[in-house]
Amino acid sequence: MTQTLPPDLATAFEAALTDWTANGKIARFWNRDKSLWTSASGSSAEDQWMGWLDIVERQTADAQRFREISARIQAGGFRNVVLLGMGGSSLCPEVLSLTFGHQAGYPALHILDSTDPAQVKSVELLADPADKSTLFIVSSKSGSTLEPNIFKQYFFEKSGRDGQRFIAITDPGSKMQKVAEGDKFREIHYGLPSIGGRFSALSDFGMVPGAVMGLDIPHMLARAGEMVAACKEPEAANNPGVSLGLALGTLARQGRDKVTLITSPAIYDLGAWLEQLIAESTGKLGRALIPVDREPIGNAADYGKDRVFVYIRFGPLPDPLQDEAVAQLEAANHPVIRLTVADRYNLGAEFFRWEVAVAVAGSVIEINPFDQPDVEASKIETRKLTDAYEATGKLPDETAVLEADGLKFFMDRANAAAITGDSASAILRSHLNRIGQGDYFAILAYIAMTMDHEETLGEIRLNVRDSKQVATCLGFGPRFLHSTGQAYKGGPDSGVFLQVTCDDASDLPIPGQSFTFGTVKAAQSRGDFEVLAERGRRALRVHLPADVNAGLATLRKAIRAALA
């Protein structure tokens, strides 16, 4: 790691390095000394959630089993494998799939982490569940998470209830273990109860899917083992995980809390995993490191003094335009941290480095990085709405405050008092004018995560960034609820949110349930908005028609007019 910091930030960073070295905090960290983290968040179980510190050693001791998993799957003749999960159970496998691609002789790995009916159907069309060469991995730590359970119900029925084409990854004794045993799953692999979901990349939740898709997991673990050894270095300045965490935590305390990730194209999806790790770990008690992923690089003058840039550069295949842009940021005296990834298999090392870094940053900003008190709030509101649907056959009625150009706008009473306008552009202008210096703008999109949708929403976030000169974020629901949603609700009141929902062109029933995927998605979006409103967040919801592309085009036009 190298860093270029303005003098005042460099001084604060050096002081933190000295503190952690002189006071033996690295040894205390490895001894799982919970006094490094405040107990103000109400949890006293930090040490019980730090099983990830020795997971590489545990996995390496039995690394041969990953080669055996690969061999069994290869012998089974599978062509596609679909991982059904959310958050920490799906993001690491997604990174591996998108970074390494399809490995010859092994099944292609696909991820489903959305309740949007169109996205569920797209996965079904990509990997036919009736085809005997399609395998499913149900990944759920607790076994009680809504989304993996309904994914399993849907695809298990579509497969003809063929348990021999299902693998479970779950914690011992979970509800999912019982389901897998009852349905005679092909294999069951276990996580450790002492590892939280977002810290589970190097546990079976990340490594088993990697083995299934044909990766050399023992090699990845060996690279991770080198990083583990380096992160035990007692001199903080020479410790790759601790020094990164101290930099991020110290800069956040100086107001640089928008962690802007710049990743080489070859490893771009690492940012999605980092979003969850950073936001869900640090976003609480009114504090947070706000991760900013996939925001196009702008000119140095486009950025405020709330940014820190982390450039994760893939050594064998860097992007010259990124190199030039980062150099310009450094020349303009923006704080920049550079990390180099020398090989794709070094992702294992990066997973561990960042887990250490985020835990250390949590200590610096005085929060407990191992709990997620606000994630459950949205789940509770969603459950209330699905319960209401089961009782009455419909979700509670709601009334739009404005319908214009095919768009419908919804808001709670407090936000309605602050937002005015009799047209789409006017109401959006009123909302976006609430963005101030040091704020960030986040689009929360409960629509299918497609390239077209991401491109249009990316244009919108870029328009807002350039007009308001603030950090911008884009998350697709409900996956972001298990990721950045924690920081949006538990972090500082510096977010301005635009939730995007839509009518579904078609819906999908869930076997054994009275509600559909579309109902679940609607309940999740409405529950999410209710919690944002309850927390006093500046939020507006825009509802698109079933022709989502047309609706997004209208929204883009309205936002451009609002910013003009």
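Just above sits the structure.
In this text the structure is predicted, and so the values were computed from the model without any measurement.

## Focus: the sheet that holds strand β8 (residues 290-292)
And then number 1: Pairing in this open sheet of 5 strands is mixed, and the strands run β1-β10-β9-β7-β8 from one edge to the other. Every interior strand has two partners, whereas the edge strands, β1 (2-4) and β8, have only one. Strand after strand, the sheet turns through a mean of 20 degrees between neighbouring axes, direction not considered.
And then number 2: The strands touched by helix α13 (residues 320-331) are β1, β7 (258-263), β9 (307-314) and β10 (336-341); relative to β10, the strand with the most contacts, the crossing angle is about 150 degrees.

## Section: empty space enclosed by the protein
And then number 1: Tallied over the full model, the rule gives 2 cavities of 30 Å³ or more.
And then number 2: In this model, the largest cavity occupies a volume close to 220 Å³.
And then number 3: Taken together, 16 residues form the lining of the largest cavity, with Glu 275, Leu 474, Gly 475, Phe 476 and Arg 479 sitting closest to its centre.
And then number 4: Breaking the lining of the largest cavity down by element, the ones donating at least two residues are α12 (270-282), α18 (451-468) and β14 (471-476).
And then number 5: It is β14 that contributes the most residues to the lining of the largest cavity, 3 residues altogether.
And then number 6: Looking at side-chain class alone, the lining of the largest cavity contains 7 nonpolar, 3 polar and 6 charged residues.
And then number 7: Taken as a whole, the second largest cavity spans an internal volume of roughly 30 Å³.
And then number 8: Residue composition of the lining of the second largest cavity, grouped by class: 3 nonpolar, 3 polar and 2 charged.

## Describing the packing of aromatic side chains
And then number 1: In the structure shown here, the tally under the stated rule is 24 aromatic pairs.
And then number 2: Ring geometry for Phe 29 against Trp 30: centres 6.3 Å apart, planes inclined by 75 degrees, an arrangement best described as edge-to-face. One exposure class covers both Phe 29 and Trp 30, and it is buried.
And then number 3: With 4.9 Å between their ring centres and 75 degrees between their planes, Tyr 303 and Phe 309 make a pair best called edge-to-face.

## Details of the state of the cysteines
And then number 1: Following the criterion strictly, the structure yields 0 disulfides and no others.
And then number 2: In this model Cys 231 remains outside any disulfide bridge; the closest cysteine sulfur is found in Cys 92, 17 Å from its own.
And then number 3: Owing to a relative accessible area of 0%, Cys 231 belongs among the buried residues under this scheme.

## What about the pattern of salt bridges?
And then number 1: Following the criterion strictly, the structure yields 45 salt bridges and no others.
And then number 2: For the salt bridge of Glu 398 with Arg 526, the shortest nitrogen-to-oxygen distance reads 3.6 Å. Highlighted residues: Glu 398 in the loop between α15 (375-392) and β11 (402-404) and Arg 526 in helix α20 (residues 517-534), separated in sequence by 128 residues.
And then number 3: Looking at Glu 398, the relative accessible area reads 35%, which means it is partly exposed.
And then number 4: Between Lys 521 and Asp 504 there is a salt bridge, with its nearest N and O atoms 2.8 Å apart. Taken as a pair, Lys 521 in helix α20 and Asp 504 in the loop between β15 (495-502) and α20 lie far apart in primary sequence, 17 residues in all.
And then number 5: With a relative accessible area of 28%, Asp 504 lands in the partly exposed category.
And then number 6: One continuous salt-bridge network, built from bridges that share partners, spans Lys 152, Glu 157, Arg 161 and Asp 183.

## Some words on the packing of helix α1 (residues 7-22) against helix α11 (residues 240-253)
And then number 1: Closest axis-to-axis distance for the α1/α11 pair is 9 Å, and the angle between their directions is 130 degrees. One way to sum up the angle between α1 and α11 is to call them oblique. Taken as a pair, α1 and α11 cross one another with a handedness that is right-handed. For the pair α1 and α11, the contacting residues are Leu 9, Ala 12, Phe 13, Ala 16, Leu 17 and Trp 20 in the first and Val 242, Ser 243, Leu 246, Ala 247, Thr 250 and Leu 251 in the second.
And then number 2: Per-class residue counts for the contact of α1 with α11 are 10 nonpolar, 2 polar and no charged.

## A word on unusual backbone geometry
And then number 1: In the segment running from Gly 477 into Pro 478, the intervening peptide bond is cis, with an omega of 5 degrees.
And then number 2: With respect to the helices and strands, the residue Pro 478 is situated in the loop between β14 and α19 (485-490).
And then number 3: Even without a glycine there, the phi angle at Asn 333 is positive, about 75 degrees.
And then number 4: Along the chain, Asn 333 falls in the loop between α13 and β10.
And then number 5: Look at Asn 333 and you get partly exposed, because its relative accessible area is 44%.
And then number 6: One non-glycine residue, Glu 366, adopts positive backbone phi at about 65 degrees.
And then number 7: Checked against the element boundaries, Glu 366 lands in the loop between α14 (347-364) and α15.
And then number 8: Residue Glu 366 is classed as partly exposed on the basis of its relative accessible area, which comes to 43%.

## A few points about the nonpolar core
The nonpolar side chains of soluble globular proteins are, as a tendency, buried together.
And then number 1: Phe 29, Trp 52, Leu 246, Trp 273, Phe 351, Phe 352 and Trp 354 are the most contacted members of the largest nonpolar core, which has 93 residues in total.
And then number 2: When residues in this core are grouped by element, the largest group, 12 residues, is from α14.
And then number 3: Apart from the residues lying within four places of it in its own chain, the contact partners of Phe 352 are Trp 30, Trp 52, Leu 53, Val 56, Leu 202, Met 227, Val 228 and Cys 231.

## Topic: the packing of helix α9 (residues 204-212) against helix α10 (residues 217-230)
And then number 1: Their axes nearest at 10 Å, the elements α9 and α10 cross at an angle of 140 degrees. Touching Met 207, Gly 210 and Ala 211 of α9 are Ile 217, Met 220 and Leu 221, all from α10.
And then number 2: When the residues that make up the contact of α9 with α10 are grouped by side-chain class, the tally is 5 nonpolar, 1 polar and no charged.

## Side note on the environment of Met 176
And then number 1: Along the chain, the position of Met 176 falls in helix α8 (residues 175-182).
And then number 2: Counting along the chain gives 170 residues from Met 176 to Pro 6, while the straight-line C-alpha distance between them is 50 Å.
And then number 3: In contact with Met 176, not counting residues within four places along its chain, are Val 138, Ser 140, Gly 143, Asn 149, Ala 168 and Thr 170.

## Details of the environment of Ser 467
And then number 1: Counting through the fold element by element, Ser 467 comes out in helix α18.
And then number 2: Owing to a relative accessible area of 37%, Ser 467 belongs among the partly exposed residues under this scheme.

## Here's the deal with the side chain of Ser 140
And then number 1: Looking at the element boundaries, Ser 140 is found in the loop between β4 (134-139) and α7 (146-158).
And then number 2: Among the polar contacts made by the side chain of Ser 140, one reaches the main-chain amide nitrogen of Gly 143 at a distance of 3.0 Å.

What counts and what doesn't
- Residues numbered from 1 in each chain as written.
- Predicted model: local features only at pLDDT ≥ 70, side-chain atom pairs only at ≥ 80, totals over all residues.
- Heavy atoms only, no water.
- Pairing = 2+ DSSP bridges.
- Helix = DSSP H or I, 4+ residues; strand = E, 2+ residues; numbered from the N terminus.
- Axes fitted to C-alpha atoms, helices over the stretch in contact; angles between N-to-C directions.
- Contact = heavy atoms within 4.5 Å.
- 1 Å grid on protein atoms, 1.4 Å probe; cavity = no way out; pocket = protein on both sides within 12 Å on 5 of 7 lines; lining within 4 Å.
- Points joined across faces, edges and corners; volume = space filled by probe spheres on them.
- Nonpolar A, V, L, I, M, F, W, Y, C, P; charged D, E, K, R; others polar.
- Phe/Tyr/Trp six-rings, centres within 6.5 Å; stacked < 30°, edge-to-face > 60°.
- Buried < 20%, exposed > 50% of the residue type's maximum accessible area, 1.4 Å probe, protein only.
- Disulfide = S-S within 2.5 Å.
- Salt bridge = Lys/Arg side-chain N within 4 Å of Asp/Glu carboxyl O.
- Parallel < 35°, antiparallel > 145°, perpendicular 65-115°, else oblique.
- Left-handed = near helix turned anticlockwise from the far one by under 90°.
- Core = buried A, V, L, I, M, F, W, Y, C linked by side-chain atoms within 4.5 Å.
- Polar contact = N/O pair within 3.5 Å; in protein donor to acceptor, adjacent residues only side chain to side chain.

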